[in-house]
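Now for the letters of each chain:
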Amino acid sequence: MTNQIRNNTEKRISAVEAIFIKSGKIRAVRVWNGGKIHEVDVYLSTVTFDKWDQAQSIKCRISAFHYTDYTPAMWDIYQKTCTLYIDTGHNGQGSVWAKNQIAGNDLYYLKIEAEKQFPIKGKHLVFLGDQTGIGHFCSLQQLATKNTPISGLVTFNDSQSAEAFSENCPWLPLQAVSNYDAIHKQTEDWVIKHQAEKENFVFYVVGGKELIVTIRKLLRTYGFDESQIKSKGFWH
Ligand SMILES: Cc1cc2nc3c(=O)[nH]c(=O)nc-3n(C[C@H](O)[C@H](O)[C@H](O)COP(=O)(O)OP(=O)(O)OC[C@H]3O[C@@H](n4cnc5c(N)ncnc54)[C@H](O)[C@@H]3O)c2cc1C
């Protein structure tokens, strides 16, 4: 099969997929300095954004019968748009798909579902994770009441993307680092500093499984209760 025929076959929606698939439109694509994070603005006409009270995920159709989870962030209930922050730094079909998207393309998806994570009222929210969690953190921030204290760390697998973080997400009060050791060490420093006010915090830990496991362990070691740690593995 030539690449052209394979591409067309992948793009074509089969009669079976057409039964359950939904569609939207890609409105814009922005690529961060260094090219690893792709911001994709999506128009989803039938989604009831105003009902969202938890972080969500959308199963995007990447190719025939292949669906990948991303997080709708920065949604506008009137324009019916949201933004996906897609990490393309690894060799995966989702990365290839994201890199090929341009404004005007159709976006097909299977479903949007609640991720059972939401801001706990009256608590200081601490976001810890990797580059795949950016959308999730933006969505928790959007759901939180105004003036909710937020802090945390986000790790990237390359220093160029880490450097581009504050410029591209100036509203997220998180520090960017560029390796696992750094997020581990800085999280440890942070929890030691805040030991006396432990009960004020809720941690949201998302990203690669290895990172989740080590950060959870660290937080438990420093006496944070299970109920204060909301975690979710995004990839492994
Ligand atoms: C609820 C939920 C929400 C998510 N939201 C987002 C989001 O907003 N943005 C986002 O970028 N991702 C998000 N993810 C993660 C994303 O779905 C996975 O990273 C997915 O595996 C990417 O698919 P792929 O086809 O590119 O790679 P795959 O074909 O799944 O994997 C190919 C190879 O790359 C490795 N791999 C996969 N992802 C990564 C990665 N990010 N870094 C390094 N290696 C990787 C795999 O282990 C495998 O070896 C989310 C996942 C979940 C469950």
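All chains use their own residue numbering, which begins from 1 and follows the written sequence. A pLDDT threshold of at least 70 governs which residues receive local features in this predicted model, and a stricter bar of 80 or more applies before side-chain atom pairs are shown or counted, although totals over entire chains, interfaces and linings include all residues.

S.K.: Whenever I open this one, the nonpolar core confuses me. Can you help?
M.R.: Under the definition applied here, buried Ala, Val, Leu, Ile, Met, Phe, Trp, Tyr and Cys residues are grouped into a nonpolar core through C-beta atoms within 7 Å. Using C-beta atoms placed from the backbone, we call a residue buried if 20 or more other C-beta atoms fall within 10 Å of its own, exposed if 12 or fewer do, and partly exposed for counts in between. Judged by nonpolar contacts, the single largest core of 51 residues is most densely connected at V126, F127, L128, A176, F203, Y204 and V205. Only DSSP runs of H or I reaching four residues or more are called helices, and only runs of E reaching two or more are called strands; each is numbered from the N terminus. Element by element, the count of residues in this core is highest for strand β11 (residues 201-208), at six residues. Looking at which domains feed residues into this core, each of domain 1 (3-114) and domain 2 (124-235) gives three or more. Ignoring anything within four residues of it in the chain, the contact list for L128 reads G152, L153, I183, T187, F203, V205 and I215. Boundaries between domains were set according to an automatic or database domain assignment. In this description, a residue-residue contact is defined by the distance between C-beta atoms placed from the backbone, which must lie within 7 Å.

S.K.: Please explain the pairing of β11 as it appears in this structure.
M.R.: On a regular strand, each side chain points to the face opposite its neighbour's, so the side chains alternate between the two faces of the sheet. Counting buried residues in β11 gives eight out of eight residues, a clear majority hidden from the surface. The pairing criterion for strands is at least two bridges between them, as found by DSSP. By the bridge criterion, six bridges tie strand β8 (residues 124-130) to β11 in an arrangement that is parallel. Note that in β11 the partner of H124 across the bridge is F201. Bridge analysis of β11 against strand β12 (residues 229-235) gives six bridges, and the strand direction is parallel. Counterpart to Y204 in the pairing with β12 is K230. Considered for its hand, the β-α-β crossover made up of β11, helix α7 (residues 209-221) and β12 is right-handed. Crossovers are described as right-handed under a simple rule: with the strands pointing away from the observer, the path leading from the first strand over the helix to the second runs clockwise.

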